[in-house]
Amino acid sequence: MGMAGVQENGHGEMGLSDFPLGSKNKYKRMDSEFINYDGDDDPLHNYHQLEKRKKSTRKYVYGCAVFASLNNVLLGYDVGVMSGAILFIQEDLKITEVQQEVLVGVLSIISLLGSLAGGRTSDAIGRKWTMGVAAVVFQIGAAVMTVAPSFEILMVGRILAGVGIGFGVMIAPVYIAEISPTIARGSLTSFPEIFINLGILLGYVSNYAFSGLSAHISWRIMLAVGVLPSVFIGVALFIIPESPRWLVLQNRVEEARSVLMKTNENVSEIEERLAEIQLAAGTSNTDKPVWRELLSPPPALRRMLITGIGIQCFQQITGIDATVYYSPAIFKAAGIEDESELLAATVAVGVSKTAFILIAIILIDKVGRKPLLYVSTIGMTTCLFGVGITLILMKEGSISIALAILFVCGNVAFFSVGIGPVCWVLTSEIFPLRLRAQASGLGAVGNRMCSGLIAMSFLSVSRAITVGGTFLIFSVVSALSIAFVYKYVPETKGKSLEQIELLFQDEYGFQGGEVQLGDVEHLVQK
């Protein structure tokens, strides 16, 4: 349907749905059948009308997920483009190795401030307008970086960009999880990871495309191109609706019902879903401040925090950002010397990382979150070990180059199949409604902090114990992540956000009984 179906929804927002909403909707549930009250009782006609509504609803929800994920392109682009731009920045501004590490890693460290502030901001002004704040702050930072005459000014731009990215990576999965129907929540909440990967690929392509320019100009153009996605975010804010769950928290129930009418295929379930959200919002109402509850959590919330923050940290301490940021250094250690060949090899890494996430999108709501995590963590452990052994035991040459590229591409592919997207899906769906934004922000803080620490120490550690030795350490950490998934991550496939809360109330379900594989009914009955 695309943009052709854009219409006003009655609350000052634009919609993509081409079906009437609210009390005027002509579909009504009766005896488990949808009856069309437009004067035509032909069952075949009614069936076609229902299928038409389903297709329209799917397009609308997918459109919202795409627009909400645009901020994540900024993070991915920065990760990808800095792997090549840093070579030209070093040549142009004559920065030291330590300054390179700080320049690369500071964005992740500073983005944790954005993630911390993003939770409270989204609770105050809404999920979608927090996305707008993220885009504006990043644009300012990118503009400063583009014209920076010195390392100090460049750092100012990186800090601003980091704050904007922190807002963006925290809020997108929360927003998508809150507007998505249960049956498609996993695949839709994976969209931000798709766009991170797309951004990384675009960053690699940008490196290769502008590498022929002078050192003074090339890195500035590479960084300036990153402003473009944030322009589309401004347009998106007038198309996507606000989260229905946030609207309920603000006692704007009719607006929440209107959004649910556009995002749920089955009209009869809308009142039931709205009642669930109102119940969750009601049970969450307490005089205890959110941050006090997060710092002194009851047992169920403690389990959620262990799972959410733990999986976010493991996503990064296995070295994925170091692999992407410093892939030219890895391939140089394997024997590639020409800069153009180094950048071309990194494009292969970007293609692998982007292509394999499509597998996760297809399977996450079919086979579940936990099986994908097992495949991902086991595969990453194997590939990280392979990179380490290749760089330590094999001499520089065509075989070591081929194996290094194979294992690095394999590592990012396994990352994209599981822990890359699933990590964000889990942290957006396991927390109670009142705590969701700020608790997800804590998870994003752990993610960004680990990313920054790895990125800022990789070159120094590699110089001390070699690049191969560093990857052997990553492989050990990745092996620990397998044990973490087994013990602390329950299966959430096919459950509503409100049912997942019940899952963590039950210690048996949390620790790995059959209930976590889909048998949530007995929890609901308790």
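In short, a report on the structure. These numbers come from a predicted model, not from an experiment.

Counting residues in each nonpolar core, the largest one holds 119 residues, and the members touching the most others are Met 82, Ile 89, Leu 103, Leu 154 and Phe 458. One finds Trp 246, Leu 247, Val 259 and Ile 277 within the second-largest nonpolar core, a separate group that totals eleven residues.

Looking now at the side chain of Glu 491. Along the chain, Glu 491 turns up in the loop between α21 (436-488) and α22 (497-505). Look at Glu 491: it is buried, it has no salt bridge, and the nearest opposite charge is Arg 369 at 4.5 Å. At 2.9 Å, the side chain of Glu 491 and the backbone nitrogen of Arg 369 are in polar contact. Polar side-chain contacts of Glu 491 include one of 3.0 Å to the backbone nitrogen of Lys 493.

Applying the stated criterion to the full structure yields seven aromatic pairs. Look at Phe 458 and Phe 471: their rings are 6.1 Å apart centre to centre, the planes differ by 85°, and that puts the pair in the edge-to-face class. Between Phe 484 and Tyr 488, the ring centres sit 5.2 Å apart and the planes meet at 35°, which makes this aromatic pair tilted. You can see Phe 484 and its partner Tyr 488 sitting in helix α21, four residues apart, about one turn around the helix. Residue Phe 484 is classed as buried on the basis of its relative accessible area, which comes to 10%. With relative accessibility at 26%, the residue Tyr 488 sits in the partly exposed group.

In this section: empty space enclosed by the protein. A probe as big as a water molecule, rolled over the atoms, marks out the empty space that is left. All told, the structure shown has four cavities of 30 Å³ or more when counted by the stated rule. Considering only enclosed or pocket space, the largest cavity measures out at about 120 Å³ in volume. Lining the largest cavity are 14 residues, with Leu 75, Ile 196, Gln 316, Asp 321 and Arg 448 sitting closest to its centre. Elements that contribute at least two residues to the lining of the largest cavity include exactly α2 (70-93), α7 (191-210), α14 (299-317), α15 (320-325) and α21. Looking at which element gives the most residues to the lining of the largest cavity, the answer is α7, with three residues. Of the residues assigned to the lining of the largest cavity, the class counts are seven nonpolar, three polar and four charged.

So, on to the environment of Trp 219. Tracing the sequence through the fold places Trp 219 in helix α8 (residues 215-224). For Trp 219 and Ala 85, which are 134 residues apart along the polypeptide, the C-alpha to C-alpha distance reads 4.9 Å. The residues touching Trp 219, leaving out its near neighbours within four places in the chain, are Ala 85, Phe 88, Ile 89, Asp 92, Leu 93, Met 145, Ala 148 and Leu 154.

The next thing to look at is unusual backbone geometry. Outside of glycine, negative phi angles account for most residues, and trans bonds account for most peptide bonds. Residues other than glycine seldom take positive phi values, yet Lys 94 does so here, at roughly 55°. Phi is positive for Thr 466, which is not a glycine, with a value near 75°. Mapped onto the fold, Thr 466 is located in helix α21. Overall, the relative accessible area of 43% leaves Thr 466 in the partly exposed class.

Contact geometry of helix α4 (residues 127-147) with helix α5 (residues 151-179) gives a least axis separation of 7 Å together with a crossing angle of 160°. If you check the angle between α4 and α5, you find them roughly antiparallel. Between α4 and α5 lies a crossing of left-handed hand. Here the residues of the contact of α4 with α5 sort into 19 nonpolar, five polar and three charged.

On the surface, a nonpolar cluster with roughly 390 Å² of combined accessible area is contributed by Ile 392, Leu 393, Met 394 and Ile 399. Looking at the secondary structure, you find Ile 392 in helix α18 (residues 369-393). Residue classification places Ile 392 among the partly exposed positions, given a relative accessible area of 42%.

What follows concerns α8. The α-helix advances 3.6 residues per turn, and as a result positions three or four apart in sequence lie on the same side. Looking only at α8, the buried set comprises Ala 215, Ser 218, Trp 219, Arg 220, Met 222 and Leu 223. Packed against the buried residues of α8 are α2, α4, α5 and α7.

What follows deals with the environment of Arg 245. Considering the arrangement of structural elements, one finds Arg 245 in helix α10 (residues 244-249). Take Arg 245: its relative accessible area is 5%, and that puts it in the buried class. Along the primary structure Arg 245 and Arg 434 are separated by 189 residues, whereas in three dimensions their C-alpha atoms are 9.4 Å apart. Setting aside its immediate chain neighbours within four residues, Arg 245 contacts Ala 177, Glu 178, Arg 273, Ile 277, Leu 433, Arg 436, Leu 497 and Glu 498. At a separation of 2.7 Å, a polar atom in the side chain of Arg 245 contacts the main-chain carbonyl oxygen of Glu 178.

Conventions used here
Residues numbered from 1 in each chain as written. Predicted model: local features only at pLDDT ≥ 70, side-chain atom pairs only at ≥ 80, totals over all residues. Heavy atoms only, no water. Core = buried A, V, L, I, M, F, W, Y, C linked by side-chain atoms within 4.5 Å. Buried < 20%, exposed > 50% of the residue type's maximum accessible area, 1.4 Å probe, protein only. Helix = DSSP H or I, 4+ residues; strand = E, 2+ residues; numbered from the N terminus. Lys, Arg positive; Asp, Glu negative; His and termini not counted. Salt bridge = Lys/Arg side-chain N within 4 Å of Asp/Glu carboxyl O. Polar contact = N/O pair within 3.5 Å; in protein donor to acceptor, adjacent residues only side chain to side chain. Phe/Tyr/Trp six-rings, centres within 6.5 Å; stacked < 30°, edge-to-face > 60°. 1 Å grid on protein atoms, 1.4 Å probe; cavity = no way out; pocket = protein on both sides within 12 Å on 5 of 7 lines; lining within 4 Å. Points joined across faces, edges and corners; volume = space filled by probe spheres on them. Nonpolar A, V, L, I, M, F, W, Y, C, P; charged D, E, K, R; others polar. Contact = heavy atoms within 4.5 Å. Axes fitted to C-alpha atoms, helices over the stretch in contact; angles between N-to-C directions. Parallel < 35°, antiparallel > 145°, perpendicular 65-115°, else oblique. Left-handed = near helix turned anticlockwise from the far one by under 90°. Patch = residues over 30% accessible without salt bridge, like charges linked within 9 Å, V, L, I, M, F, W, Y side chains within 5 Å. Areas by Shrake-Rupley, 256 points an atom, 1.4 Å probe, with all protein chains shown as cover.

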